[in-house]
Structures are given as C-alpha cells and as structure tokens.
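Remarks on the overall topology
As a plain string of letters, each chain reads:
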Amino acid sequence: MMKKKGVVLLFLLSFFLLVIDQGTKWLVVNQIPYGKSISIFPNFFRLTYVKNTGAAWSLFMGNQILLIVMTLTVLFFFFLYLYKKESINKFDILIYGGLLGGIFGNLIDRIRLNYVIDFFDFTIFHYNFPVFNVADIFIVLAGMILIIKIFKEGDSNVVRK
C-alpha cells in the first residue's frame, strides 16, 4: 500500500477510535455520578466512574506531568518510526491506529482534566481488576497484536525500522 494513503487511513482510524473513547467517557461523566457504579452483571461487571491519576494499576499515581512527558516521548519515537517506515499495510494501520487512538484518548484526559476517566469495572474470581476505559482496550489489544506479529514474523526489522 502506498505510504501516504496508509498514513491517511491510519490517522482516520485513530481519530475514529479517539471519538469513540471520548464519547464513552462523556456518557459516563454525564450519566454516572463520580464514584458510583451501575451493576451490569452482579458480582462480575459494573460501570463505575473513577478518576485515575496514575497509569495501569495506579503506577505513577499523581504524577500527571511525568505521565504526559512519557506519553509525548513515546509519540515522538512512534512518529519517527512511522516517518522512516517505507510502507504501511492494512494490518499496520489497524495496530498503529489502535495504539494512537488509545494513547491520544488518555493523553487528552490527562492534559484537560489532570486525570483519566475510567469506568469498566470487573471482578474476576474475587479479584477486583483495575478499572479501565475504551482507550486502554485499544492500547492493550493493539499492543498484544503487535507483539504477536513480531514473534510470528520473527522479523527484527519490525523493531528496527
């Protein structure tokens, strides 16, 4: 696929996913009081509006400046990688679009609100899994697919390009 067309599609997908993320967060803020839950499947799945000042599993809690700088650094290197990449295929568009959509979704929250809006709340085998959001889903799924792709292809060029 031509690189320019691929980049345009990548950014369109990223923007679409960003809109979904921000839209779900808007719905949560406007429909669920802060700190309250709506039970969907009792003892398993709730929608709970929380404000997360950290990253996954509350890492770096309260360090928004550090998290913003780390995110901007990752984005800088990602865009550098994308610039150097000779071509972008449909699979790359899905992976990178998911990563960018998710990263920007949480970055917007951090900059605008000084925290990230989270709301998916699961209890699995008596373990209350950390509450997360749609952007987190995009980041984790795209990251997992990227790791599988790297191992499947056995191509160290995926990392070096």
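Structure report, in brief. (Residues numbered from 1 in each chain as written. Predicted model: local features only at pLDDT ≥ 70, side-chain atom pairs only at ≥ 80, totals over all residues. Heavy atoms only, no water.)

**Focus: the sheet that holds strand β3 (residues 116-124)**
In plain terms, the rule: When DSSP finds at least two bridges between two strands, those strands are taken to pair. Working definition: helices are DSSP H or I runs of at least four residues, strands are E runs of at least two. Numbering for both runs from the N terminus.
The strand order across the open sheet built from four strands is β1-β2-β3-β4, with neighbouring strands paired in antiparallel fashion. Two strands bound the open sheet, and with one partner strand each, they are β1 (37-41) and β4 (127-128). As defined by bridge partners, β3 adjoins β4 across two bridges and the pair is classed as antiparallel. Bridge assignment links T123 to a residue of β4, and that residue is N128.

**Digging into the side chain of R46**
For the record, the criterion: Residue burial is assigned from relative accessible area. The probe radius is 1.4 Å, only protein chains are included, and a residue is buried under 20% of its type maximum, exposed over 50%, and partly exposed in between. Side-chain atoms alone can form a polar contact between residues adjacent in sequence; in general such a contact is a pair of N or O atoms within 3.5 Å, and within protein one must be able to donate a hydrogen while the other accepts it. Throughout, a residue-residue contact means that at least one pair of heavy atoms, one from each residue, lies within 4.5 Å.
On the secondary structure map, R46 appears in strand β2 (residues 45-52). When its relative accessible area of 16% is taken as the criterion, R46 is described as buried. A polar atom in the side chain of R46 sits 3.3 Å from the side chain of N128. In this structure, R46 is in contact with S37, I38, S39, I40, F119, F120, D121, F122, T123 and N128, ignoring residues within four places of it in sequence.

**Focus: the packing of aromatic side chains**
Our working definition: For Phe, Tyr and Trp, where Trp contributes only its six-membered ring, two rings pair if their centres lie within 6.5 Å, and the inter-plane angle classes them as stacked under 30 degrees, edge-to-face over 60, or tilted in between.
A complete count under the given rule lists 14 aromatic pairs for this structure. Each ring, one from F119 and one from F120, has its centre 4.6 Å from the other, and the planes form 50°; the classification is tilted. Note on accessibility: F119 and F120 belong to one class, buried. Ring centres 5.5 Å apart and planes at 45° place the aromatic pair F120 and F132 in the tilted group. Within this pair, whereas F120 is found in strand β3, its partner F132 is found in the loop between β4 and α4 (134-153), the two being separated by 12 residues in sequence.

**Considerations on the pattern of salt bridges**
Close approach of charged atoms allows side chains of opposite charge to pair. As a reminder, the rule being used: Put simply, a salt bridge is a Lys or Arg side-chain nitrogen that is within 4 Å of an Asp or Glu carboxyl oxygen.
Enumeration according to the criterion identifies five salt bridges in this entry. When the shortest N-O distance is used, the salt bridge between D92 and K85 registers 3.4 Å. By relative accessible area, which is 2% here, D92 ends up buried. Linked by salt bridges that have partners in common, D21, K25 and D109 make up one network.

**Digging into helix α1 (residues 3-31)**
What counts is decided by this rule: Helix span is expected to be 1.5 Å times the residue number reduced by one.
For α1, built from 29 residues, the straight-helix expectation of 42 Å at 1.5 Å per residue is met to within 8% by its first-to-last C-alpha distance of 42 Å. Of all the residues in α1, the buried ones are G6, V7, L10, S14, L17, L18, D21, Q22, K25 and V28. In this fold, the buried residues of α1 make contact with β2, α2 (64-84), α3 (90-113), β3 and α4.

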